[in-house]
Amino acid sequence: MLAQYLQRLSFEYVKERTKPFAGSKFGNFVPQDLAVEAKKQISLWPYDITVKASVGAGNWAAVPWLAFFNPLETDSATRGFYVVYLVNAQDNTLYLSLNQGTTAAYTEFGNSRGREVLRRRAIDLADRVSEYAKYFSRDAIELGSEEALPLGYIAGHAFGKKYQAEKLNNAELLVDLKKMLEAYELLIKRGGTTPLDVMQELSGSADIEETRRYTLSRRIERSPKVRAAVLASKYPVCECCGLDPARDFGYRGPASNTPLDVHHARALMDLQEGESKLYKVPDDFFVLCPTCHRMIHKQDDHGDLKALKSKLRFKIMREIEYPTL
């Protein structure tokens, strides 16, 4: 059970850190066995989640972790926001936390200023899903280390729950984890760390719900995972105007880098906040050139390819029949 694996990590980590990192069986247990068990525990939940665990890269980490990443937001603990168990092996406690990528903040702002940015963003994240944050604690976490990464985790903590390792209960653990992952999914749907005014400017709408749907749709379209899957299953030609980068411009690169866009055609107007499955590849997507992609977003129905094609054909016919207009 997940609780037993986390207990082992908490109880044995201090001792294992005194041994060489290279070739450590314990070091393999965490990224392999622990991560596999966590993935198994959540396999029936309706989330597209990648699970990773780490005790360090080349050297023992000050704080080992087990993290849950939504690919629409991030696939790494270095950037974006994610759900994570952080282990304080000094006093055998651990935290379930909605947290943020420390490395990216440090790289952009430096360590001290980076932690200030993380703390400010943590407040914003908790406020954006306040109906879930109230089930957890916003109190600061304690990780037993003054190293840079643990201090970043402390600053990036939005809300979560503290556990004593010896008292871990698997049923309680999974109830809390499920609720935290629900909050994570909702946070992504509401725009994550992007300020509302920025989302409204990009969407061209002052309506909050419409802005959130637009932002979510664009996030789906720009996901490297989604783009690669769509382009692997569809021919790289614009489905509206027929532009073919290989034929028309001599493009010879891989399909994944083609100068075409992936358009999320599923209507999000009726999407409920509790609905987790946001897209199906390739059914919910069109491959469009940048111009056709921009034009389909100007329609009331962003999924009506037939209407977009009819406008294109009418324009061409009008230019042929009325060349002076």
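The structure this text deals with has already been given above.
Residues numbered from 1 in each chain as written. Predicted model: local features only at pLDDT ≥ 70, side-chain atom pairs only at ≥ 80, totals over all residues. Heavy atoms only, no water.

Chemist: Looking at this structure, how should I read the overall build of the chain?
Modeler: What the chain contains, in helices and strands, is 13 helices and seven strands. Its C-alpha atoms put the chain at 80 × 40 × 40 Å along the principal axes. Here the chain holds 325 residues, and the buried ones make up 47% of them. Sequence separation of 24 or more characterises 63% of the internal contacts of the chain that already satisfy a separation of 6 or more. By element, 52% of the accessible surface of the chain is carried by carbon and sulfur atoms, the whole surface being about 16700 Å². (Helix = DSSP H or I, 4+ residues; strand = E, 2+ residues; numbered from the N terminus. Buried < 20%, exposed > 50% of the residue type's maximum accessible area, 1.4 Å probe, protein only. Contact = heavy atoms within 4.5 Å. Areas by Shrake-Rupley, 256 points an atom, 1.4 Å probe, with all protein chains shown as cover.)

Chemist: I'm lost on the sheet that holds strand 5 (residues 159–164) in this one. Help?
Modeler: Paired through their backbone hydrogen bonds, the strands of a sheet run either parallel or antiparallel. One open sheet accounts for five strands, arranged 1-2-3-4-5; its pairing is antiparallel. Either end of the sheet is taken by a strand with one partner, and the two such strands are strand 1 (50–54) and strand 5. Neighbouring strand axes in the sheet, compared pairwise and without regard to direction, differ in orientation by 15° on average. Direction of pairing for strand 3 (residues 81–88) relative to strand 4 (residues 93–100): antiparallel, over a ladder of eight bridges. Within strand 4, the residue paired with Tyr82 across the bridge is Asn99. Packing against the sheet, helix 2 (residues 25–41) makes contact with strand 1 and strand 2 (65–69), and its axis sits at approximately 145° to strand 1. Set on the sheet, helix 6 (residues 148–156) makes contact with strand 2, strand 3 and strand 4; between it and strand 4 the angle comes to about 70°. (Pairing = 2+ DSSP bridges. Axes fitted to C-alpha atoms, helices over the stretch in contact; angles between N-to-C directions.)

Chemist: Which parts of the structure should I look at to understand the side chain of Ser145?
Modeler: For Ser145, the position within the fold is in the loop between helix 5 (130–133) and helix 6. Here Glu147 takes part through its backbone nitrogen, which lies 3.1 Å from a polar atom of the side chain of Ser145. (Polar contact = N/O pair within 3.5 Å; in protein donor to acceptor, adjacent residues only side chain to side chain.)

Chemist: Before we go on, may I ask you to explain helix 9 (residues 208–222) in this structure?
Modeler: Note on helix geometry: an α-helix contains 3.6 residues per turn, so any two residues three or four positions apart are oriented the same way. Taking 1.5 Å per residue, 15 residues should reach 21 Å; helix 9 reaches 21 Å between its end C-alpha atoms and fits that length. Packing partners of the buried residues in helix 9 comprise helix 7 (170–189), helix 8 (196–203), helix 10 (224–233), strand 6 (261–264), strand 7 (285–288) and helix 12 (290–296). Sitting at the head of helix 9, Asp207 places a side-chain oxygen 3.2 Å from the backbone nitrogen of Glu209. (Expected span 1.5 Å × (residues − 1).)

Chemist: Just checking my understanding: could you explain the layout of surface pockets for this structure?
Modeler: Rolled over the atoms, a probe as big as a water molecule pinpoints where empty space is left. Taken as a whole, the second largest pocket holds about 390 Å³ of empty space. Lining the second largest pocket are 21 residues, and of these Ser54, Gly56, Trp65, Leu149 and Tyr153 sit closest to its centre. Of all elements in the fold, only strand 1, strand 2, helix 3 (102–109) and helix 6 reach the threshold of two or more residues within the lining of the second largest pocket. Among the elements that make up the lining of the second largest pocket, the one with the highest residue count is helix 6 (three residues). In the lining of the second largest pocket, the residues fall into eleven nonpolar, seven polar and three charged. (1 Å grid on protein atoms, 1.4 Å probe; cavity = no way out; pocket = protein on both sides within 12 Å on 5 of 7 lines; lining within 4 Å. Points joined across faces, edges and corners; volume = space filled by probe spheres on them. Nonpolar A, V, L, I, M, F, W, Y, C, P; charged D, E, K, R; others polar.)

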